[in-house]
Amino acid sequence: MLSKIENIIRDIQLASVGKTDDKLAEIEQFRIKYLGKKGIISELFEQFKSLPADQKKETGQALNRLKNIAQSRIEEFKQYVENDVKSEHTVDLTLPTDYSEVGSRHVLSVVMNEIIEIFSRIGFTVAESVEIEDDWHLFSALNFPHDHPARDMQDTFFVEKEEGKQEVALRTHTSSVQVRVMENNKPPIRIIAPGRVFRNEAISARAHCIFHQVEALYVDKKVSFADLKQTLLYFAKEMFGEDTKIRLRPSYFPFTEPSAEMDISCNICGGNGCNICKGTGWLEILGCGMVDPNVLESCGIDSKEYSGFALGMGVERMAMLKYQIRDLRLYFENDLRFLRQFDSIV
Ligand code: DAH
């Protein structure tokens, strides 16, 4: 009987569940087979009764061991099934991960940050101001004549136009920040003003009523046109590549004298002429000039002691040229097929 018990113990230890889908039923069958009323172990206990007295001690111990092993095997099986059920709800870290949607910066933010970054390397700090501005900061302090077309409803979104009061409008350019900074700070001043601007324009591929500008202003003793030119060259090379050339064309802005517009050599055809630069080899990039002495005086800065340069550029245009974007409306449509193309340039 002892060897029979040992064989049964081995069978129990080798037994497993999971041959069918119903593991609990398998466990129950196992229990009935060994521990049921008519099961193998109960039968052995029956036989045990008729054993000679001298075998009872040893066989009794073996039988109890068998019973315990059978019971703990059942517990093990139950535990196994329970864990299996649980594991259906827990994460399997060995599986490949799902693609998760991660946001990215808008291309305009990327370009704006790049411009800020370039200027901050040569000592410019960011200045910000209000988007709803009064006439003084938008036009008068910047030397705009009273009959200048920018003061017309057709160009400017006026917020308030009350009789006898200063007009208030959505700012049409970030040059207004120049005035606020000069009014509140003494030279040397070296700021860059990024921000949103608004103009009363019909929306098309080339124009929008909301867009972004970055303005730079440097005021100190003996600031010259050469300083402006060198700053422009540095910026153009950093932004569009080491081989970029610049050219300055005379222009007019009320707040600068002399004024200029800067072109860069076309970064698409390398200056040979293509449809982006309309065959000229040059791309217009920004407006600039020496701050008009009238503007310095309006802001309380002595124009005999100080001089300065200013420049302003459109961020949408910068991004268009850098990434060959053909239609300005794409920036504001929130079409993920467009936005995702810039995922990697953060
Ligand atoms: N404010 C001008 C515009 O909106 C851009 C500009 C031109 C800014 C020349 C300047 C400048 O500071 O010097 O078109």
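Here the structure is shown first, and the text comes after it.
Analysis parameters
- Within each chain, residue numbers correspond to sequence positions counted from 1 in written order.
- Two thresholds apply to this predicted model, a pLDDT of at least 70 for residue-level local features and 80 or more for giving and counting side-chain atom pairs, whereas whole-chain, interface and lining totals are computed over all residues.
- Excluding hydrogens and water, the side-chain figures rest on all heavy atoms present in the structure.
- For this description, a residue counts as near a given molecule or strand if any of its non-hydrogen atoms is within 4 Å of it.
- Pairing of N or O atoms within 3.5 Å defines a polar contact, subject to two protein rules: one partner must be a possible hydrogen donor and the other a possible acceptor, and residues neighboring in sequence count only if both atoms are side-chain atoms.
- Per-residue accessibility takes into account occlusion by the displayed protein chains alone, with areas from the Shrake-Rupley method and a 1.4 Å probe.
- Secondary structure follows DSSP: runs of H or I at least 4 residues long count as helices, runs of E at least 2 residues long count as strands, and numbering of each begins at the N terminus.
- Here the nonpolar group is Ala, Val, Leu, Ile, Met, Phe, Trp, Tyr, Cys and Pro; Asp, Glu, Lys and Arg are the charged ones; every other residue, Gly included, is treated as polar.
- Only the contacting stretch of a helix is used when fitting its axis, a line to C-alpha atoms as for every element, and angles between N-to-C directions run 0 to 180 degrees.
- Geometric relationships in this document are graded by angle, where less than 35 degrees denotes roughly parallel, more than 145 denotes roughly antiparallel, 65 to 115 denotes roughly perpendicular, and other angles denote oblique.
- Left-handed is the label given to a crossing in which the near helix is rotated counterclockwise from the far helix by less than a right angle, and right-handed is the label when the rotation is clockwise.
- Between two residues, a contact is recorded if the distance between any of their heavy atoms is within 4.5 Å.
- For this analysis, a salt bridge means a side-chain nitrogen from Lys or Arg found within 4 Å of a carboxyl oxygen belonging to Asp or Glu.
- A simple rule labels every residue: compare its accessible area, found with a 1.4 Å probe on the protein chains alone, to the largest value its type can have, and call it buried under 20%, exposed over 50%, or partly exposed in between.
- We call Phe, Tyr and Trp rings a pair once their centres come within 6.5 Å, taking the six-membered ring for Trp, and we label the pair stacked below 30 degrees between planes, edge-to-face above 60, and tilted otherwise.
- Definition of nonpolar core: a set of buried residues of the types Ala, Val, Leu, Ile, Met, Phe, Trp, Tyr and Cys, connected through side-chain atoms within 4.5 Å.
- Any helix carries an expected span of 1.5 Å times its number of residues minus one.
- Relevant arc is that of directions from the helix axis to the C-beta atoms, nothing else.
- Two strands pair under a simple rule: DSSP has to find at least two bridges between them.

## Some words on the site of the ligand
Phase 1: H173, S175, R199, Q213 and E215 are the nearest of the 15 residues found near the ligand.
Phase 2: In the environment of the ligand, a nitrogen atom lies 3.1 Å from a nitrogen or oxygen atom belonging to the side chain of H173.
Phase 3: Within the side chain of E215, an N or O atom sits 2.5 Å from an oxygen atom of the ligand.
Phase 4: Surface burial for the ligand is 88%, taken as the share of its 350 Å² of free accessible area covered by protein chains.
Phase 5: Those elements that place two or more of their residues in the shell around the ligand are α7 (175-184), β6 (210-220), β9 (282-291) and β10 (307-314).
Phase 6: Of the residues in the shell around the ligand, the class split is five nonpolar, eight polar and two charged.

## Focus: the packing of helix α5 (residues 107-120) against helix α8 (residues 225-240)
Phase 1: Running from amino to carboxyl end, α5 crosses α8 at an angle of 135°, the nearest separation of the two axes being 10 Å. Between α5 and α8, the crossing angle belongs to the class labelled oblique. The element α5 and its partner α8 pack so that their crossing is right-handed. Of α8, the residues touching α5 (which contributes V111, E114, I115, I118 and F119) are T231, Y234, F235, E238 and M239.
Phase 2: For the contact of α5 with α8, a count of residues per class yields seven nonpolar, one polar and two charged.

## Considering the pattern of salt bridges
Phase 1: Scanning the entire structure with this criterion turns up 18 salt bridges.
Phase 2: R121 serves as the salt-bridge partner of E117, at 2.8 Å between the closest nitrogen and oxygen.
Phase 3: E117 gets classed as partly exposed once you look at its relative accessible area, which sits at 41%.
Phase 4: The partly exposed category is assigned to R121, whose relative accessible area is 46%.
Phase 5: For E131, the salt bridge goes to R196, with nearest N and O atoms at 3.3 Å. Residue E131 is located in the loop between β1 (125-126) and β2 (132-134), and its partner R196 is located in strand β5 (residues 189-198); the two are separated by 65 residues in the primary sequence.
Phase 6: Connected through shared salt-bridge partners, R247, R249, E261, D263 and E284 make up one network.

## As for the packing of aromatic side chains
Phase 1: Applying the stated criterion across every chain yields a total of 13 aromatic pairs.
Phase 2: Both rings, one in Y218 and one in F309, keep their centres 5.5 Å apart while their planes meet at 75°; by these two values the pair is edge-to-face. With Y218 in strand β6 and F309 in strand β10, this residue pair connects regions lying 91 residues apart in the sequence. As far as the burial class goes, Y218 and F309 line up, both buried.
Phase 3: Arranged with centres 6.5 Å apart and planes meeting at 80°, the rings of Y331 and F332 form a pair that is edge-to-face.

## Some details on unusual backbone geometry
For residues that are not glycine, phi is negative in most cases, and the peptide bond is trans in most cases.
Phase 1: Going from P187 to P188, the amide bond is cis rather than trans, its omega being 0°.
Phase 2: Tracing the backbone shows P188 in the loop between α7 and β5.
Phase 3: In this structure, P258 follows E257 across a cis peptide bond, with omega equal to -5°.
Phase 4: By the element assignment, P258 lies in strand β8 (residues 256-265).
Phase 5: One non-glycine residue, N143, lies in positive phi territory at about 70°.
Phase 6: Tracing the backbone shows N143 in the loop between α6 (135-138) and β3 (158-160).

## Considering the nonpolar core
Phase 1: I115, F119, F235, L286, L311, M313 and Y331 are the most contacted members of the largest nonpolar core, which has 47 residues in total.
Phase 2: Of all the secondary structure elements, the ones that give two or more residues to this core are α5, β6, α8, β8, β9, β10, α10 (315-323) and α11 (336-339).
Phase 3: Looking at which element gives the most residues to this core, the answer is α5, with eight residues.
Phase 4: The residues contacting Y331, other than those within four sequence positions of it, are H106, V107, L108, E316, A319, M320, I325 and F338.
Phase 5: Core analysis: the second largest hydrophobic core is formed by 26 residues, L142, F158, M182 and A193 among them.

## Quick notes on α8
Phase 1: Helix length check: α8 (16 residues) gives 22 Å between terminal C-alpha atoms against 22 Å at 1.5 Å per residue, within 8%.
Phase 2: Among the residues of α8, L228, T231, L232, F235, A236, M239 and F240 are the ones counted as buried. Looking straight down α8, one finds its buried side chains confined to an arc of 135°; they lie on one side. Looking at α8, the residues exposed on the side facing more than 90 degrees away from the buried face are A226 and Q230.
Phase 3: Buried residues along α8 sit against α5, β7 (246-253), β8, β9, β10 and α10.
Phase 4: Among the residues trailing α8, G241 stands out with phi positive, at a value near 115°.

## Things to note about the sheet that holds strand β4 (residues 168-170)
Phase 1: Reading across the sheet, the three strands line up as β2-β4-β3 and stay open at both edges, with antiparallel pairing between neighbours. The sheet terminates laterally at β2 and β3, the two strands that pair on one side only. Here the strands of the sheet are splayed against their neighbours by 35° on average, with no regard to which way each runs.
Phase 2: Pairing of β3 with β4 involves two bridges; the strand directions are antiparallel. Bridge pairing in β4 places F158 opposite A169.

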